[in-house]
Amino acid sequence: MQMVSITLRVLSRPDVEHLPKIYQNLGMDYDERVLPSIGNEVLKAIVAQFDAAELITQREVVSSRIRKDLLERAGEFNIKLEDVSITHLTFGKEFTQAVEAKQIAQQDAERAKFIVEKAEQERQAAVIRAEGEAEAAQTISQALDKAGQGFVALRKIEASKAIVQSLAGNPNVTYIPSGDGANVLLSVPSK
């Protein structure tokens, strides 16, 4: 059992052919005497057939059934309805809190799922990176076996070139020492 507050807008007019009968039986304030009571009656009857979640998810169905039943009941009093619509639908504090808690739990579950997926992707990336590094180490090892220390010398020369280019492009460096063992080529034997 949930407390439900529904605001219903009803636009009505009297059946012109039965105006004398309406004023005789119901008076000038026929709409104020009839519509609130039949509106409450129909609302209670229809809303009781749905649970709180269905009232939200099937609002159009609820609205059309209220309209249909209210048209019938108003017709018994020679009142024509132009429009019937639900303008507000609110629930009790407990239900609203339960819905919010459910949404928060769903968001937390989605966040946890995302974190797990992210960790799995990071794990896969680490495995691929490690495989790549192992393959690079194996390639270097094979190159060393084939070329001996020539490969190491080539790498030193490439590193030296990169260092020299970096230093030459730097406006703060004006002198690169070359004496007393301070060799730009990182002590590559010149023989």
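Below is a summary of the structure that appears in this document. Not measured: the values here are computed from a predicted model. (Residues numbered from 1 in each chain as written. Predicted model: local features only at pLDDT ≥ 70, side-chain atom pairs only at ≥ 80, totals over all residues. Heavy atoms only, no water.)

With that settled, consider the overall build of the chain. Per the secondary structure count, the chain includes six helices and two strands. Secondary structure of the chain in N-to-C order comes out as β-α-α-α-α-β-α-α. Residues classed as buried in the chain amount to 18% of the 191 residues present. For the chain, contacts bridging at least 24 residues in sequence account for 65% of all contacts bridging at least 6. Surface summary for the chain: the accessible area is close to 14300 Å², and the carbon and sulfur share equals 55%. (Helix = DSSP H or I, 4+ residues; strand = E, 2+ residues; numbered from the N terminus. Buried < 20%, exposed > 50% of the residue type's maximum accessible area, 1.4 Å probe, protein only. Contact = heavy atoms within 4.5 Å. Areas by Shrake-Rupley, 256 points an atom, 1.4 Å probe, with all protein chains shown as cover.)

One pass over the full model with this rule turns up one aromatic pair. The interplanar angle of 70° and the centroid separation of 6.4 Å between the aromatic rings of Tyr23 and Tyr30 together place this pair among those described as edge-to-face. (Phe/Tyr/Trp six-rings, centres within 6.5 Å; stacked < 30°, edge-to-face > 60°.)

Let us now look at the packing of helix 2 (residues 30-47) against helix 4 (residues 59-75). Axis separation between helix 2 and helix 4 bottoms out at 9 Å; the angle between their running directions is 140°. Taken together, the axes of helix 2 and helix 4 are oblique relative to one another. Helix-helix and strand crossings are classified by hand; for helix 2 and helix 4 the assignment is right-handed. Along the contact surface, helix 2 presents Ile38, Gly39, Glu41, Val42, Leu43 and Ile46, while helix 4 presents Val62, Arg65, Ile66, Asp69, Leu70, Arg73 and Ala74. Within the contact of helix 2 with helix 4, the residues separate by chemical class into eight nonpolar, one polar and four charged. (Axes fitted to C-alpha atoms, helices over the stretch in contact; angles between N-to-C directions. Parallel < 35°, antiparallel > 145°, perpendicular 65-115°, else oblique. Left-handed = near helix turned anticlockwise from the far one by under 90°. Nonpolar A, V, L, I, M, F, W, Y, C, P; charged D, E, K, R; others polar.)

On to the side chain of Ser63, then. By the secondary structure assignment, Ser63 is in helix 4. Beyond its immediate sequence surroundings of up to four residues, Ser63 is in contact with Val84, Ser85 and Ile86.

Following both chains from N to C, one finds helix 5 (residues 93-147) and helix 6 (residues 149-169) inclined at 115°, their axes separated by 6 Å at the closest point. Where helix 5 approaches helix 6, its residues Ile140, Ala143, Leu144 and Ala147 are matched on the opposing element by Gln149, Gly150, Phe151 and Val152. Here the contact of helix 5 with helix 6 is composed, by residue class, of six nonpolar, two polar and no charged.

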